[in-house]
Amino acid sequence: MLEPERILRLEDDAVVFLDQRLLPLEEVDVRCGTAAAVAEAIQTMVVRGAPAIGVAAAYGIALAAAKGEDLAEADRVLRESRPTAVNLAWALDEMRDDPSAEHARRIHADEVERCRRMAGHTAELLSPGTRALTHCNAGGLATGGYGSAVGALLTAWERGLLDHVWVDETRPLLQGARLTAWELETASIPHAVIADSAAASLMAAGEVDCVITGADRIAANGDTANKIGTYSLAVLARHHEIPLYIVAPSTTVDLQTPDGSAIPIEERDSAEITARFAARNPAFDVTPAELIAAIVTESGVHRAPYQQSLAGAVAA
Ligand code: MRU
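Nothing here was measured: the structure is a model prediction, and the numbers come from that model.

Cut-offs used in this document
Residues numbered from 1 in each chain as written. Predicted model: local features only at pLDDT ≥ 70, side-chain atom pairs only at ≥ 80, totals over all residues. Heavy atoms only, no water. 1 Å grid on protein atoms, 1.4 Å probe; cavity = no way out; pocket = protein on both sides within 12 Å on 5 of 7 lines; lining within 4 Å. Points joined across faces, edges and corners; volume = space filled by probe spheres on them. Helix = DSSP H or I, 4+ residues; strand = E, 2+ residues; numbered from the N terminus. Nonpolar A, V, L, I, M, F, W, Y, C, P; charged D, E, K, R; others polar. Domains from an automatic or database assignment. Pairing = 2+ DSSP bridges. Contact = heavy atoms within 4.5 Å. Axes fitted to C-alpha atoms, helices over the stretch in contact; angles between N-to-C directions. Buried < 20%, exposed > 50% of the residue type's maximum accessible area, 1.4 Å probe, protein only. Disulfide = S-S within 2.5 Å. Near = heavy atom within 4 Å. Polar contact = N/O pair within 3.5 Å; in protein donor to acceptor, adjacent residues only side chain to side chain. Areas by Shrake-Rupley, 256 points an atom, 1.4 Å probe, with all protein chains shown as cover. Sits in = over half its atoms within 2 Å of the grid points.

Our next topic: the layout of surface pockets. Gaps between atoms show up when a probe of the same size as a water molecule is rolled over them. Taken as a whole, the largest pocket encloses approximately 310 Å³ of empty space. Forming the walls of the largest pocket are 17 residues, and the residues nearest its centre are Trp90, Ser250, Thr251, Val253 and Val314. Contributions of two or more residues to the lining of the largest pocket are made by helix H5 (86-95), strand S11 (253-254) and helix H12 (306-315). In terms of residue count, H5 provides more of the lining of the largest pocket than any other element does, 5 residues in total. Along the lines of polarity and charge, the residues of the lining of the largest pocket split into 8 nonpolar, 4 polar and 5 charged. Summarising the domain contributions, the lining of the largest pocket has at least three residues from each of domain 1 (4-112) and domain 2 (114-315). Of the volumes computed, that of the second largest pocket is approximately 180 Å³. Lining the second largest pocket, in full, are Met1, Leu2, Gly139, Gly140, Tyr146, Val150, Leu154, Glu158, Trp182, Glu183, Thr186 and Ala187. When contributions to the lining of the second largest pocket are tallied by element, the ones reaching two or more residues are helix H8 (149-158) and helix H9 (175-186). A per-class count over the lining of the second largest pocket returns 7 nonpolar, 3 polar and 2 charged.

In structure tokens, the structure reads:
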């Protein structure tokens with residue numbers, strides 16, 4: 001398992017990221033010497049995953065403060081770097097009163113600790129022999145250490161509950177095939193990468209017991225934005241009577257957003273799909289709360305009606 005400081009860290013003169021665009025073939029560090037450079041690293045997905053970009057933004061503010069940059073401008077450029085994951089705005093709000101390096105490092109450590117607690121709660125939902133399917137990458141790379149959905153799989157494996165993981169390759173940027181598969185391989189967890197479109201037939205064949213994913217923003221009513229394709233999985237899982245569990249820290253829950261229709265969905269460059277023809281490239285979709293069996297945060301397992309159960313999760 002990667003150490004949190006290997007994934008991203010604050011040094012005296014730079015924020016340093018393990019470049020997730022090149023993994024798993026190359027392990028290259030990217031050094032960002034200004035808040036604007038950190039924002040570019042977030043936008044170009046050197047660092048990605050909802051909690052990890054929140055931590056990156058916190059480090060960007062701490063760096064800007066240490067270097068005497070204009071903090072309002074640093075906040076603005078970081079806040080605009082990616083729109084869907086609410087962890088980014090949450091971390092920037094947190095840093096407003098105390099832009100110190102110590103505060104940013106505490107945010108990082110807290111996110112990793114939340115992951116460990118969520119993993120324990122999620123494992124309690126699983127029976128021995130579980131064959132889980134996951135989408136995108138919600139591992140240590142995405143959270144700054146340990147992982148949300150993948151963290152839950154790690155804990156389930158350690159407790160002898162997990163038999164196998166199906167890893168959606170996750171088009172177009174292949175976070176599943178590149179990053180999740182790499183993390184599972186490192187942990188020696190049995191897994192197989194599948195084309196995103198193979199999930200339906202595996203479910204129909206009775207080879208999937210549950211779907212476990214992370215989240216980028218969870219609205220007050222439980223509607224959940226996550227990597228494009230999660231909604232398709234949710235519909236498939238409901239048809240095949242398989243539970244979908246969302247594993248995400250309370251920093252991903254946004255009680256100010258009433259439902260999924262108010263979640264901003266990032267549209268990325270069409271060149272990520274095809275350079276030659278016209279393309280649409282929405283990076284996230286929203287899974288309606290009614291298709292989610294449970295949302296797991298560090299405070300426990302939350303079930304419908306989410307309006308009540310999530311309010312308790314954030315207050316806890
Ligand atoms: O575009 P990405 O790679 O940043 O999207 C990430 C996801 O959708 C993850 O599933 C989500 O952030 C949860 S990470 C713990």
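Let us look at the sheet that holds strand S9 (residues 224-227). Ordered by their spatial adjacency, 4 strands build an open sheet running S11-S8-S9-S12, and the pairing between neighbours is mixed. The open sheet has two edge strands with one neighbour each: S11 and strand S12 (284-287). Sheet analysis places strand S8 (residues 217-219) next to S9, joined by 2 bridges and oriented antiparallel. Among the inter-strand pairings, Ile218 is bridged to a residue of S9, identified as Thr224. Contacts from helix H11 (residues 230-239) reach S9 and S12, with the element oriented near 30° to S12.

What follows is about the environment of Val46. Tracing the chain through its elements places Val46 in the loop between helix H2 (35-43) and helix H3 (50-66). Among the residues examined, Val46 registers a relative accessible area of 3% and is labelled buried. Distance from Val46 to Ala91, taken between C-alpha atoms, is 18 Å for residues 45 residues apart in sequence. The contacts of Val46, once residues within four sequence positions are left out, are Phe17, Leu18, Asp19, Gln20, Arg21, Val30 and Ala41.

Before going further, it helps to spend a moment on the state of the cysteines. Scanning all chains against the criterion turns up 0 disulfides. Cysteine Cys136 remains unbridged, with the sulfur of Cys115 as its closest cysteine sulfur at 14 Å. Lacking any disulfide linkage, Cys210 is separated from the closest cysteine sulfur, that of Cys136, by 17 Å.

Residues in contact with the ligand amount to 19 residues; listed here are only the nearest, Arg48, Arg82, Asp216, Asn226 and Lys227. Asn226 has a polar side-chain atom sitting 2.8 Å from an oxygen atom of the ligand. Lys227 has a polar side-chain atom sitting 2.7 Å from an oxygen atom of the ligand. In the complex, 99% of the free accessible area of the ligand, which totals 410 Å², lies under the protein chains. Structurally, the ligand is housed in the largest cavity. Among the secondary structure elements, those contributing two or more residues to the shell around the ligand are H3, helix H7 (140-143) and S9. In terms of residue class, the shell around the ligand is built from 8 nonpolar, 7 polar and 4 charged. Of the residues that make up the shell around the ligand, three or more belong to each of domain 1 (4-112) and domain 2 (114-315).

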